[in-house]
Amino acid sequence: MATSSKSALSFIFITLLIDVMGWGLIIPVMADLIVHLKKIPVNEASTYGAVLLSVFAVTQFIFAPVIGNLSDRYGRRPVLLFSLLGFGIDYIILAIAPTYGWLFVGRVIAGITGASFTTATAYIADISTDETSRAKNFGLIGAAFGLGFVLGPALGGLLATWGMRAPFYAAAILCLLNCLYGYFFLPESLKKENRRPFEWKRANPFGSLKFLTSHPEIGGLALSFFLIYLGGQSVQGNWNFFTQYRFGWSEGMIGASLAVVGVLVGAVQGGLTRVVNPKIGNEKSIYLGLSLYTLGLVLFAFASTSWMMFAFLIPYCLGGICGPSLQAVISGHVPPSQQGELQGALTSLMSLTTIFGPLLMNGTFNYFTSSKAPFHFPGIHFLIGAFCMLLSVIITWRILSREKKHPELAKAFTGSQEAAKTPIH
């Protein structure tokens, strides 16, 4: 199907929007579901929630490189549709789960097929012509996530009034409709001349991480990428548990707060990034964004009332300008034939943060809200996240400073990768 880049971006934006809405729908009720099934307090339930996130991440870590490499061989479209179908099945299982153990089954299925983000980023890399356009187009992913988190959690909080299972059924319907929509309207983005053979060696999850470390600039920036997502788990993996425990928030309040996050993220990724990045460049965007992330997390840690959490979302969400810029810089180091492999490897890194991040952040939260802790500090995990962001700033500055002094290193790396690719005709 012949289509312009603008039309293709519209297709992938709508696909991601509906996909994210499905996940956003269930966040406000997930804590209550675990409390209901395990019959425990919400601060203890946070550890069980972390385990569910981790089991999803383990399976995604193993299978994301396989999915990424399959998309390099057969194209982005069939892989993306398979992923969306898997998520639909996952939500159906979560909706009917009679015990906590059944939640594991759904999360494993979602982890195996959960390559929508990997394939979407590779799709956008396919149709982006240069590093600046990549940053702008990657920003649309954040905008889709932001808008999805406006509509999804708000609708999830509303549906929760009909019962805690209702949002899961709604999420399943959205994902399956998304799959149907993609089947009829989503065009293929990867040209046949840019495809390459599938290789199990490259599909090895640890092999994909080795791909990132094959050049110092890629490896260092990938570590910075890892730390950003690890620090982000202090918010993403524990927001509903923390706010319910600390401020007594209801499902509706959690949904409202996440809707605010969605508005802010959508404004940053869909608007601010596309204005700020061309003016100040990728490097300054990265530094500014990471500094705002750090500030927001420190403020969260010491918030004492509900309104503070809403106010402090502003600097935290403004930090989102760093993500597309860092991803654009990393993506600019590899040729078109390996974008799927790169994005699969980056998704594996994200999965690693979701394996260890929630266990670290939620476990710390649970410990420092228990009688065993030397002092009571529910927000301590936010300080851990802030420390991760500071480390990311330092690492990124050192890598990019070295690259500016020796630009031939990055050029030589990209050239050697381009020469090594094997196109399929």
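Structure: see above.
Since the model is a prediction, treat every value here as computed from it, not as a measurement. (Residues numbered from 1 in each chain as written. Predicted model: local features only at pLDDT ≥ 70, side-chain atom pairs only at ≥ 80, totals over all residues. Heavy atoms only, no water.)

Quick question: what am I supposed to make of the packing of aromatic side chains here?
Any aromatic ring pair is given by two values, namely how distant the centres are and how the planes are angled relative to each other. For the structure on display, the rule yields 20 aromatic pairs. Both rings, one in Y48 and one in Y100, keep their centres 5.4 Å apart while their planes meet at 85°; by these two values the pair is edge-to-face. Linking Y48 in helix α2 (residues 42–74) with Y100 in helix α4 (residues 100–113), this pair joins segments that are 52 residues apart in sequence. Classification of Y48 by relative accessible area gives partly exposed; the value is 31%. With a centroid separation of 6.2 Å and an interplanar angle of 65°, the aromatic rings of F242 and F365 are classed as edge-to-face. (Phe/Tyr/Trp six-rings, centres within 6.5 Å; stacked < 30°, edge-to-face > 60°. Helix = DSSP H or I, 4+ residues; strand = E, 2+ residues; numbered from the N terminus. Buried < 20%, exposed > 50% of the residue type's maximum accessible area, 1.4 Å probe, protein only.)

Explanation requested: helix α7 (residues 166–185) in the structure shown.
Residues spaced three or four apart along an α-helix face the same direction, because each turn holds 3.6 residues. Counted at 1.5 Å a residue, the expected span for α7 with its 20 residues is 28 Å, and the 29 Å between its end C-alpha atoms agrees. Taken together, the buried positions of α7 are P167, F168, A170, A171, A172, L174, C175, N178, C179 and G182. (Expected span 1.5 Å × (residues − 1).)

Which parts of the structure should I look at to understand the packing of helix α3 (residues 76–96) against α7?
In contact at an axis separation of 8 Å, α3 and α7 are set at 165° when each is read in the N-to-C sense. Classified by the interaxial angle, the pair formed by α3 and α7 is roughly antiparallel. The chirality of how α3 crosses α7 is left-handed. Facing R77, L81, L84, L85, F87, G88, Y91, I92, L94, A95 and I96 of α3, the residues of α7 in contact are F168, Y169, A171, A172, C175, L176, N178, C179, G182, Y183 and F184. Taken together, the residues of the contact of α3 with α7 break down into 18 nonpolar, three polar and one charged. (Axes fitted to C-alpha atoms, helices over the stretch in contact; angles between N-to-C directions. Parallel < 35°, antiparallel > 145°, perpendicular 65-115°, else oblique. Left-handed = near helix turned anticlockwise from the far one by under 90°. Contact = heavy atoms within 4.5 Å. Nonpolar A, V, L, I, M, F, W, Y, C, P; charged D, E, K, R; others polar.)

Explanation requested: the side chain of T364 in the structure shown.
One can find T364 in helix α15 (residues 339–367). Residue T364 is classed as buried on the basis of its relative accessible area of 14%. At 2.6 Å, the side chain of T364 forms a polar contact with the backbone oxygen of L360. Ignoring sequence-local partners within four residues, the contact set of T364 consists of L359, I380 and I384. (Polar contact = N/O pair within 3.5 Å; in protein donor to acceptor, adjacent residues only side chain to side chain.)

Just checking my understanding: could you explain the nonpolar core for this structure?
Considering soluble globular proteins, one finds that nonpolar side chains tend to be buried as a cluster. Counting residues in hydrophobic clusters, the biggest one holds 96 residues, and the most contacted among them are L212, F300 and L349. No other element matches helix α1 (residues 5–38), which puts 13 residues into this core. For L212, the contacting residues outside a window of four places in its chain are I218, G219, A222, L342, A345, L346 and L349. Counting 14 residues, the second largest nonpolar core, distinct from the first, contains L9, A120, Y123 and F138. (Core = buried A, V, L, I, M, F, W, Y, C linked by side-chain atoms within 4.5 Å.)

Explain the environment of R195 to me, please; I cannot follow it from the model alone.
Relative to the elements of secondary structure, R195 occurs in the loop between α7 and α8 (200–203). Using a relative accessible area of 14% as the deciding quantity, one classes R195 as buried. R195 sits 125 residues away from L70 along the chain, and the two C-alpha atoms are 9.8 Å apart.

Looking at this structure, I do not really get the pattern of salt bridges. What am I missing?
Opposite charge on two side chains permits pairing when their charged atoms draw close. For the structure on display, the rule yields two salt bridges. Across the pair D72 and R76 runs a salt bridge, and its minimum N-O distance is 2.8 Å. Residue R76 is classed as buried on the basis of its relative accessible area of 0%. For D90, the salt bridge goes to R107, with nearest N and O atoms at 2.4 Å. Remark: R107 occurs in helix α4 and D90 occurs in helix α3; sequence separation between them is 17 residues. (Salt bridge = Lys/Arg side-chain N within 4 Å of Asp/Glu carboxyl O.)

Any chance you could explain the side chain of D72 here in plain terms?
If you trace the backbone, D72 turns up in helix α2. Taking relative accessible area as the criterion, D72 reaches 0% and is therefore assigned buried. Side chain to side chain, D72 and R76 meet in a polar contact 2.8 Å long. Discounting residues that sit within four places of it in the chain, D72 has contacts with L190, R195, R196, S337, Q338, Q339, G340 and E341.

Honestly, that's just the spatial picture; any functional story needs more than this.
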